[in-house]
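Geometric and topological summary
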Amino acid sequence: VSVVIGTYGSGCAIAAGDLFASAKLPAIGTSCTNPQVTLGNDYYFRVCFLDPQQGKIAGSFVYDNLGFDKAAILYDVNDDYALGLKDNFVKVFESKGGTIVAEEGYTAGDTDFTAQLTKIKEAQPQIIFTPIFYQDFIMIHKQARTLGIEVPMLGGDGCASEVLFDAADAVDGSYVINHVSLVDPAGDAFRKEYAEKYNGAKMELNGYMAHDAFLLWCAAVEKAGSDDPQAIADAYSQVEVEGMAGKIKISAEDHNPVGKSGCVERIDGKNKTYVFETYIAAD
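Predicted model, so just to flag it, every value in this text is computed and none were measured. (Residues numbered from 1 in each chain as written. Predicted model: local features only at pLDDT ≥ 70, side-chain atom pairs only at ≥ 80, totals over all residues. Heavy atoms only, no water.)

**Quick notes on the pattern of salt bridges**
Counted under the stated rule, the structure contains 7 salt bridges. For Asp64, the salt bridge is made with Lys96, and the minimal N-O distance between the two is 2.9 Å. Separated by 32 residues along the polypeptide, Asp64 in helix H2 (residues 51-65) and Lys96 in the loop between helix H3 (80-95) and strand E5 (99-106) bring together distant segments of the chain. Classification of Lys96 as partly exposed rests on a relative accessible area of 29%. Between Arg266 and Glu277 there is a salt bridge, and its shortest N-O distance comes to 3.2 Å. With Arg266 in strand E11 (residues 261-268) and Glu277 in strand E12 (residues 273-281), the pair connects residues that are 11 residues apart, well separated along the chain. Here Arg266 falls in the partly exposed class, since its relative accessible area comes to 27%. Ionic contacts of the salt-bridge type, sharing partners, join the residues Lys86, Asp87 and Glu103 into one network. (Salt bridge = Lys/Arg side-chain N within 4 Å of Asp/Glu carboxyl O. Helix = DSSP H or I, 4+ residues; strand = E, 2+ residues; numbered from the N terminus. Buried < 20%, exposed > 50% of the residue type's maximum accessible area, 1.4 Å probe, protein only.)

Structural data, given as structure tokens:
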């Protein structure tokens, strides 16, 4: 192969990085947001914003837009994505005057969050920041509501999924950060075509991001006039495309997109949809 589209997760991307570099095979990550993914790697690129930027978006939204100054955190202690996003949220939120009243961790595969949620409840946060993935996001919501915790939660892009609506009542009123609005009318035609092709399947974030990565690849091949991996790698920073998540221009210095912003949406569980809140500059 002359190029790879993927992967989506930071842990997978970091693990694969040396292999792509040694093979001189360019890869385009879709939603692998940890800074280490492209750091010092001439053959890894990405179309998503980074954890420091997403942390800024999360911290800014909670403190500036919601007006909250007390937050709790619940995260997977062994996940690169969760760790990076958590640390950057704390940095930005505290720099603005916010206080982390509780910080609780768990290990991937855990299904009982009662102990962590009980401590969080005692700390009385105004919001719980959960830099995790949507499967755990759903379980944690259900258990929190059973314990009488009614405050909203804020998940990163790993929580942005149509599957959340299967837990409609539990997740109602919480928020997710995303790379693109899942309810933007501009994406209606794309979502319809996707559903028709995949037997009514719900669109996930990586449907949008892989689409944008594919557009970038097409533009790079056109620019290079070749399917040579090195020529394509060189061309990635010379092209610009208009994707589902906005304009994508890759920096020649660090292989990250320039000038990205993040979308924050509120989960309307009762109507099984998202409500657009705001776009916040990631840089």
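**Focus: the packing of H2 against H3**
In contact at an axis separation of 7 Å, H2 and H3 are set at 45° when each is read in the N-to-C sense. Here H3 runs oblique to H2, going by the angle between their axes. With respect to the hand of their crossing, H2 and H3 are arranged in right-handed fashion. For the pair formed by H2 and H3, the contact residues are Asp51, Pro52, Gln54, Gly55, Lys56, Ala58, Gly59, Ser60, Val62 and Tyr63 on the first element and Asp80, Tyr81, Gly84, Leu85, Asn88, Phe89, Val92 and Phe93 on the second. Counted by class, the contact of H2 with H3 contains 9 nonpolar, 6 polar and 3 charged residues. (Axes fitted to C-alpha atoms, helices over the stretch in contact; angles between N-to-C directions. Parallel < 35°, antiparallel > 145°, perpendicular 65-115°, else oblique. Left-handed = near helix turned anticlockwise from the far one by under 90°. Contact = heavy atoms within 4.5 Å. Nonpolar A, V, L, I, M, F, W, Y, C, P; charged D, E, K, R; others polar.)

**A short note on unusual backbone geometry**
With an omega of 5°, the peptide bond running from Gly6 to Thr7 counts as cis. Along the chain, the position of Thr7 falls in the loop between strand E1 (4-5) and helix H1 (10-23). Even without a glycine there, the phi angle at Asn199 is positive, about 55°. Inspection of the secondary structure assignment puts Asn199 in the loop between helix H7 (188-197) and helix H8 (205-224). Positioned with a positive phi, His255 is a non-glycine residue whose angle comes to about 65°. Within the element layout of this structure, His255 appears in the loop between strand E10 (246-249) and E11.

**Topic: the sheet that holds strand E3 (residues 44-46)**
The strands making up a sheet associate through hydrogen bonds between their backbones, and the pairing can be parallel or antiparallel. Here we have 3 strands laid out as an open sheet, ordered E1-E2-E3, and parallel in their pairing. In this open sheet, the two strands that pair with only one neighbour each are E1 and E3. Of the strand pairs in this sheet, strand E2 (residues 27-29) and E3 are connected by 3 bridges, and their pairing is parallel. Along E3, the bridge assignment pairs Ala27 with Tyr44. (Pairing = 2+ DSSP bridges.)

**Quick word on the state of the cysteines**
Scanning the model with the defined rule gives 0 disulfides in all. Cys12 takes part in no disulfide bond, and the closest cysteine sulfur, belonging to Cys32, lies 9.4 Å away. Overall, Cys12 belongs to the partly exposed group, its relative accessible area being 44%. With no disulfide partner, Cys48 has as its closest neighbouring cysteine sulfur the one in Cys32, 4.9 Å distant. (Disulfide = S-S within 2.5 Å.)

**Comments concerning the environment of Gly225**
Looking at where Gly225 falls in the secondary structure, it is placed in the loop between H8 and helix H9 (229-235). Residue Gly225 is classed as exposed on the basis of its relative accessible area of 66%. Measuring from C-alpha to C-alpha, the distance between Gly225 and Ala235 comes to 9.7 Å, with 10 residues separating the pair along the chain.

**Examining H3**
With 16 residues, H3 extends 23 Å from end C-alpha to end C-alpha; this agrees with the ideal 22 Å at 1.5 Å per step. Inspection of H3 places Tyr81, Ala82, Gly84, Leu85, Lys86, Asn88, Phe89, Val90, Val92 and Phe93 among the buried residues, and these make up the whole buried set. Of the surrounding secondary structure, the elements contacted by the buried residues of H3 are H1, H2, strand E4 (70-76), E5 and strand E6 (127-130). You can read the cap of H3 off the contacts: a side-chain oxygen lies 3.3 Å from the backbone nitrogen of Tyr81, and it is on Asp79. Gly97 occupies a position one or two residues after H3 and carries a positive phi of about 115°. (Expected span 1.5 Å × (residues − 1). Polar contact = N/O pair within 3.5 Å; in protein donor to acceptor, adjacent residues only side chain to side chain.)

**A word on the pairing of E4**
Among the 7 residues that make up E4, 6 are buried, leaving the element largely enclosed by the rest of the structure. Bridge analysis of E4 against E5 gives 7 bridges, and the strand direction is parallel. Bridge pairing in E5 places Ile73 opposite Glu103. Each parallel crossover has a hand, and for E4 linked through H3 to E5 it is right-handed. Bridge count between E4 and E6: 3 bridges; the pairing is parallel. Across the sheet, residue Ile73 finds its bridge partner in E6, namely Phe129. (Right-handed = clockwise from strand over helix to strand, strands pointing away.)

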